[in-house]
Amino acid sequence: MRPRLLVVDDEARQMEALCKTLTPEGYDVTGFSVPQHALAALRDQPFDVLLTDLMMPGMDGLALLRAALGNDPDLVGVMMTGQGTVARAVGAMKIGALDYILKPFNLTAIRPVLARAVDVRRLRLENIRLREAVGLYEISNAISRSLDSDTVLARVAGAALEQSRAHEVGVYVTNAAGAELRLVAARGRDGGPRL
C-alpha cells in the first residue's frame, strides 16, 4: 500500500508542483492550498504524513499540525518554509513535527525526509499493534490464572488503560435484572485503583 501524503501550501502552484513531483515517487498524494480544507480531509480519511508550509494566512502550519495531531496523534508532520530560523524549527519540533525543510528545496533533499517520516509512521502503528497484542495477552493471562472475578476485572481495567489514551478507565457490570450499572473496577494514569 502506498504511503498517504497530505501536502498543504497556500501557494497553489507550489502545492500542485509538489503533488505532481511526489506521486511518481510512490506516494498517494492529496494537496490543499487552504489549511482548513486539509484539516477537514484529515478528519475524513487517514494520512501517514502531513507536509505543510509554516507561514499561511488564516491558519499557520503549526496550528494545522497541532489540530491534525489532535485528530491522529500518530500522524507524522514535516514543516516546510522559506523563512527558517532555529526558533521556528524548535517550535515545530515541540509541537510534534518530525523534521523541518527549508524552501526552496529539490527532490533529492525531500526524499530522505519523507522516507524517514513514512518509517516513523510505520513504526508508530506497529508499536500500537504490539501494545494491543500485549494487552490481549495480559487479559487472557489474568483470566487463566485467576478465578477471582475482582482480580480479573481489575486486570482488564489496567490493560484497557494501557491500550487507550484515556486518563481513567472503568469496568461496569449490570445487575441481575440488567437495569442498573455498577462500577466494579477502575484504573487511573497515576497507577492506583479508582473505586
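What counts, and at which threshold
- Residues numbered from 1 in each chain as written.
- Predicted model: local features only at pLDDT ≥ 70, side-chain atom pairs only at ≥ 80, totals over all residues.
- Heavy atoms only, no water.
- Salt bridge = Lys/Arg side-chain N within 4 Å of Asp/Glu carboxyl O.
- Helix = DSSP H or I, 4+ residues; strand = E, 2+ residues; numbered from the N terminus.
- Buried < 20%, exposed > 50% of the residue type's maximum accessible area, 1.4 Å probe, protein only.
- Core = buried A, V, L, I, M, F, W, Y, C linked by side-chain atoms within 4.5 Å.
- Contact = heavy atoms within 4.5 Å.
- Pairing = 2+ DSSP bridges.
- Axes fitted to C-alpha atoms, helices over the stretch in contact; angles between N-to-C directions.

(A) Seen up close, the pattern of salt bridges. Following the criterion strictly, the structure yields seven salt bridges and no others. Between R121 and D72 there is a salt bridge, with its nearest N and O atoms 2.9 Å apart. Separated by 49 residues along the polypeptide, R121 in helix 5 (residues 107–145) and D72 in the loop between helix 3 (61–71) and strand 4 (76–81) bring together distant segments of the chain. By relative accessible area, which is 6% here, R121 ends up buried. Linked by salt bridges that have partners in common, D48, D72 and R121 make up one network.

(B) Structural detail: the nonpolar core. In this structure, L6, V8, L42, L50, L64, L75 and M79 are the most contacted members of the largest nonpolar core, which totals 22 residues. Those elements that provide at least two residues to this core are strand 1 (4–8), helix 2 (35–44), helix 3, helix 4 (86–95) and strand 5 (97–102). For this core, the element with the highest residue contribution is helix 3, accounting for five residues. Ignoring anything within four residues of it in the chain, the contact list for L50 reads L6, V8, L64, L65, A68, L75, V76, G77 and V78. Within the second largest apolar cluster, 21 residues are counted, among which are M15, L51, L98 and F105.

(C) Inspection of the sheet that holds strand 4 at higher detail. One open sheet holds the five strands; their spatial order is 2-1-3-4-5, and the pairing between them is parallel. The open sheet has two free edges, formed respectively by strand 2 (28–32) and strand 5, since each of these has just one partner strand. Shown here is a sheet whose adjacent strand axes are inclined to one another by a mean of 20°, direction ignored. Inspection of the sheet shows strand 3 (residues 49–53) paired to strand 4 by five bridges, in the parallel sense. Across the sheet, D53 pairs through a bridge with M80, a residue of strand 4. Sheet strands in contact with helix 1 (residues 12–22) are strand 1, strand 2, strand 3 and strand 4, and its direction is about 175° off that of strand 2. Docked against the sheet, helix 3 engages strand 1, strand 3, strand 4 and strand 5, running at close to 160° with respect to strand 3.

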